[in-house]
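# Remarks on the overall topology
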Amino acid sequence: MFKYQLEVTTGDMKHAGTMDHIYITIFGSEAQSDRTELDNFGIDFRAGKVGTYIIKTKGSLGELLLVKVEKDPHGFFPEDEWFCSKIVVTNPEGDAILFPCHRWISRGELVELRGGKAVQIFKEDHPLLINHRKKEVMIKKDMYKWEIDDEKLPHHIHFKDVLEFPAELRFSFSKTSEMLNAKRKMAWLDLLNDGKILTTLNTSSGSGRLKYQYVAQHWKDDDFFGYQFLNATNPTVIKRCLELPPNFPVTEEMVKPFLEDGSSLKKEMERGKIFICDQRIMDGIPTRKYNGDCLHVSSGFCLFYLNQEHKLMPVAIQLRQQPSEQNPIFLPSDPEPDWLLAKLFVKSTDVMMYEVVHHLLITHLLAEVFTVATLRNFPVIHPLYKLLVPHFRFTLHINTQSRILLFAPDGTLDRSSLGYEGTKELMRRGLSEMTYSSLCLPDNIGARGLESIPNFYYRDDGLELWKIIKSFVKHIVEYYYPSDNDVCKDTELQDWISEIFTHGFLGNKHAGFPAGFHTVKEVVKFITMVIFTVTAQHAALNSGQFDYHFWIPNGSLLLCKPPPTNKGQSSMETILETLPNVGETVEFAVMFWLLCDKYSDLVVLGDYPEERFDEPTMKQMIKEFQAELSYLSEAITARNSKLDLPYTYLDPKEIENSVTI
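Residues numbered from 1 in each chain as written. Predicted model: local features only at pLDDT ≥ 70, side-chain atom pairs only at ≥ 80, totals over all residues. Heavy atoms only, no water.

## What to know about the overall build of the protein
- Regarding its fold elements, the protein presents 21 helices and 17 strands.
- Relative to the 2.2 N^0.38 estimate, which gives 26 Å for 661 residues, the radius of gyration of the protein is 28 Å and therefore close to what a compact globule would have.
- With the C-alpha coordinates of the protein rotated into their principal frame, the extents come out at 95 × 60 × 50 Å.
- Across the protein, every contact between residues at least 6 apart in sequence was considered, and the portion connecting residues at least 24 apart equals 75%.
- A gap of 1 Å separates the mean positions of the 72 positive and 90 negative side-chain charges of the protein. (Helix = DSSP H or I, 4+ residues; strand = E, 2+ residues; numbered from the N terminus. Rg over C-alpha atoms; globule rule 2.2 N^0.38 Å. Contact = heavy atoms within 4.5 Å. Lys, Arg positive; Asp, Glu negative; His and termini not counted. Charge placed at Lys NZ, Arg CZ, Asp CG, Glu CD.)

## Brief notes about the nonpolar core
- Judged by nonpolar contacts, the single largest core of 152 residues is most densely connected at Phe370, Trp496, Phe526 and Ile527.
- Non-local contacts of isoleucine 527, meaning those with residues more than four positions away in its chain, are made with Leu384, Leu387, Leu388, Val473, Val477 and Trp496.
- Listed in part, the 24 residues of the second largest apolar core include Ile22, Leu38, Leu64 and Leu113. (Core = buried A, V, L, I, M, F, W, Y, C linked by side-chain atoms within 4.5 Å. Buried < 20%, exposed > 50% of the residue type's maximum accessible area, 1.4 Å probe, protein only.)

## A look at helix H10 (residues 395–405)
- Along H10, the positions that sit buried rather than exposed are Thr395, Leu396, His397, Ile398, Asn399, Thr400 and Ser402.
- Those residues of H10 that are buried are in contact with strand S10 (156–157) and helix H8 (336–377).

## Some details on the sheet that holds strand S8 (residues 110–114)
- Here 4 strands make up an open sheet; going across it, the order is S3-S2-S5-S8 and the pairing antiparallel. Two strands bound the open sheet, and with one partner strand each, they are strand S3 (36–37) and S8.
- Pairing of strand S2 (residues 21–28) with S3, which is carried by 2 bridges, proceeds in the antiparallel orientation. The residue bridging isoleucine 24 from the neighbouring strand is threonine 36, located in S3.
- Its contacts with the sheet put helix H1 (residues 127–143) on S2, strand S5 (64–72) and S8, and the angle it makes with S5 is roughly 50°. (Pairing = 2+ DSSP bridges. Axes fitted to C-alpha atoms, helices over the stretch in contact; angles between N-to-C directions.)

## A look at the pairing of S2
- In terms of residue burial, S2 counts as a mostly covered element, since 7 of its 8 residues are buried.
- In this structure, S2 lies alongside S5, joined through 8 bridges in antiparallel fashion. For phenylalanine 27, the partnering residue across the bridge sits in S5 and is leucine 66.

## Quick word on the sheet that holds strand S1 (residues 2–10)
- Sheet architecture is open: 4 strands sit in the order S4-S1-S6-S7, paired in antiparallel fashion. Of all the strands in the sheet, just strand S4 (50–57) and strand S7 (96–105) have a single pairing partner and so form its edges. Pairs of neighbouring strands in the sheet enclose a mean axial angle of 20°, with direction left out of account.

## Let's talk about the confidence of the model for the protein
- Averaged over every residue, the pLDDT of the protein is 93; residues scoring 70 or more account for 95%.
- Contacts for the low-pLDDT stretch residues 190–198, under 50 throughout, to residues beyond four places or in other chains number 7 contacts.
- Between residues 203–209, whose pLDDT stays under 50, and residues either more than four places distant or in other chains, the model counts 9 contacts. (pLDDT = per-residue confidence, 0-100.)

## Remarks on a nonpolar patch on the surface
- A contiguous nonpolar patch, built from Met19, Ile43 and Phe77 and spanning about 270 Å² of accessible area, is present on the exposed surface.
- Its location among the elements puts phenylalanine 77 in the loop between S5 and strand S6 (82–90).
- In this structure phenylalanine 77 comes out as partly exposed when scored by relative accessible area, which is 39%. (Patch = residues over 30% accessible without salt bridge, like charges linked within 9 Å, V, L, I, M, F, W, Y side chains within 5 Å. Areas by Shrake-Rupley, 256 points an atom, 1.4 Å probe, with all protein chains shown as cover. Salt bridge = Lys/Arg side-chain N within 4 Å of Asp/Glu carboxyl O.)

## Some points on the pattern of salt bridges
- Using the criterion set out here, one finds 38 salt bridges in the structure.
- Between aspartate 80 and lysine 71 there is a salt bridge whose closest N-O contact spans 3.7 Å.
- The exposure class of lysine 71 is buried, given its relative accessible area of 0%.
- Aspartate 601 is the salt-bridge partner of arginine 393, the closest N and O atoms lying 3.4 Å from each other. With arginine 393 in the loop between helix H9 (383–388) and H10 and aspartate 601 in the loop between helix H20 (582–595) and helix H21 (616–640), this pair connects stretches of sequence that are 208 residues apart.
- Through salt bridges with shared partners, a single network forms among Asp20, Lys71, Asp80 and Arg107.

## Focus on the environment of tyrosine 649
- With respect to the helices and strands, the residue tyrosine 649 is situated in the segment after H21.
- Along the backbone, tyrosine 649 and threonine 423 are 226 residues apart, and their C-alpha atoms lie at a distance of 26 Å.
- At 3.2 Å, the side chain of tyrosine 649 and the side chain of lysine 211 are in polar contact.
- Of note is the side chain of tyrosine 649, whose polar atom sits 2.7 Å from the side chain of aspartate 547. (Polar contact = N/O pair within 3.5 Å; in protein donor to acceptor, adjacent residues only side chain to side chain.)

## Let's talk about unusual backbone geometry
- Although it is not a glycine, asparagine 291 sits at a positive phi angle of roughly 55°.
- Here asparagine 291 is to be found in the loop between strand S13 (289–290) and strand S14 (293–294).
- Even without being a glycine, phenylalanine 394 presents a positive backbone phi close to 65°.
- As for its position among the elements, phenylalanine 394 is in the loop between H9 and H10.
- Taking relative accessible area as the criterion, phenylalanine 394 reaches 7% and is therefore assigned buried.

## A short note on the packing of aromatic side chains
- Evaluation of the coordinates by the stated rule reveals 32 aromatic pairs.
- Centre to centre, the rings of tyrosine 212 and phenylalanine 550 are 5.4 Å apart; their planes meet at 75°, and the pair counts as edge-to-face. You can see tyrosine 212 sitting in helix H4 (residues 211–218) and its partner phenylalanine 550 sitting in the loop between helix H18 (545–549) and helix H19 (572–578), a full 338 residues away along the chain. An identical accessibility class is assigned to tyrosine 212 and phenylalanine 550; each is buried.
- Seen from their ring centres, tyrosine 647 and tyrosine 649 are 5.4 Å apart, and the 85° between their planes marks the pair as edge-to-face. As far as the burial class goes, tyrosine 647 and tyrosine 649 line up, both buried.
- A connected cluster of aromatic rings, assembled from ring pairs, spans Phe370, Phe378, Tyr436, Trp496, Phe505, Phe513, Phe517 and Phe526.
- In this arrangement the basic side chain of lysine 175 is found over the ring face of phenylalanine 171, its NZ or CZ atom lying 4.7 Å from the centre.
- Just above the ring of tyrosine 436 sits the side chain of lysine 525; from NZ or CZ to the centre is 5.3 Å. (Phe/Tyr/Trp six-rings, centres within 6.5 Å; stacked < 30°, edge-to-face > 60°. Lys NZ or Arg CZ within 6 Å of the ring centre and 35° of its normal.)

## Some details on the pairing of S6
- Of all 9 residues making up S6, 7 are buried, and the element is well covered by its neighbours.
- Relative to S6, S1 runs antiparallel, the two being bridged by 6 bridges. Bridge pairing in S6 links threonine 10 to cysteine 84.
- Taken together, the 8 bridges between S6 and S7 define a ladder with antiparallel strand orientation. Directly across from isoleucine 87, in S7, lies its bridge partner phenylalanine 99.
- Taken together, S6 and the strand that follows it, S7, pair antiparallel across an intervening segment of 5 residues, in which glycine 94 is found at a positive phi of about 95°.

## Side note on helix H5 (residues 222–231)
- In terms of burial, H5 is largely enclosed, as 9 of its 10 residues are buried.
- All buried positions along H5 are accounted for by Asp222, Phe224, Phe225, Gly226, Tyr227, Gln228, Phe229, Leu230 and Asn231.

Structure below.
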């Protein structure tokens, strides 16, 4: 008689347990066990508990290949899905084999778990496992389908409602409950007036740092205006200026008073101290109607100077692309309302570009493309599935909700100056201009000439994170792919990148995106980019929304008057008329508050609570990755202790492991 010991772990989340009957069949290379019910004295499958069971066989099963799990009703108890985390089977020789599950199982559902080491398709050698692998991928491709709403935007999952998802892809019970409570708390705010809503949101800020107060006090300051292009919500657009665009005719006389004594614009360009933000992507974009008239957005330039105090100062602003008498260049020496209004329009456009292109498109929509391609093309035993799937937790859920509540007709972004159609056009333009190098932070920083600009904490922390993530990915990829030939032989890997190229980057060969992989180095770089995008980059762009945009004058998605066409005709009253009304302000403030809230089931970068790798080498690599992230977190905390305005968004302990909000 041969004994096989099973340790069955039930998830620790709410409602994870079950009263139903659970049956197990073990498949080995030589035989299979009988279908056996797991039944000890008392309640077996309680949330967070591990049950130990023995299955006896007459002969050896050989190498353990699969574990079949079945769930049948228990008496008259109603259906209660069971979350099985994992099953560890110890064979008669004392070897423990991990069979990861990490999914909800319903009555009548047949679940077959692969155990042991991660393996690629070209290394499969047992007919049972080869057939199981093919069947699994076929089922997943039928379950997760691509949907095309717009030929010029990334494709997305076909599900229309989150209730159509498999349960493990949906928000946890705790997150769903906390989000509902937050929305209920917001529901009565429309009844408040005299600023009470803003006070309520202030005191409810999840950050606890009250950074918004600093923003409210300093939003008019030129040095703070410049600082935000490096370290606020959109540090991705400014670049070094070596030559002025021909349609931005700034003269030496205009900016000389704002430069170092005795210097010139030409000299400061040569010294690498002049920077520019070009908002041409907004030129000619359609806007929505407001009170019967079309709204306006700016689409011009902002020129910056890095002064002797290492502060980035705006020195010239042109609000439209084509210069004319009705499109003057605004300067810091202009009347205060003129200069403030010009900055207001630059920031408003920057916030729209940030929300639509750099946040929604690049982190959310691309994350969904990576997720769907992974679910469709990799079986759960594939090493890259094990590596990547923790970084896609809840992404499909939050994106599906966003297509209903945020990026939709009558959604929150429909209230912006662009409206829904303008937002879609901006996103189309953003995707058409996107390049592979722009998604890879070291290449991005180099292309923008920002390697040495001081006090650029997004760059400093981001490059450290990129290096740590790349090292982690490199060790794992090289472990499973010792040679370039292994990369070429992995048809599942090639199908994965092909789908991303087709459905995410829309086959744009000229932007540098890979359509296939030929070398280990190519795989390492791409997967580094994927993990960085859905963790660090999303955190850098998402986490500061409440801090920087709760104070609406610092960057409003809606401006109600057109950009000024003359100097000397604006006043503080003009600025107030340009800003959204109280109701619109409240709606945007609530959105920023909800998007930055923290939830109790947060999983931070580097944490892998769901055990998927069975190899000791992989477990050691994860520990080393976590240690490097911890060291970086300590260094960032030490630096921030010396700053008036700490930059915390890329502190690893503040970065979520996936796009979940």
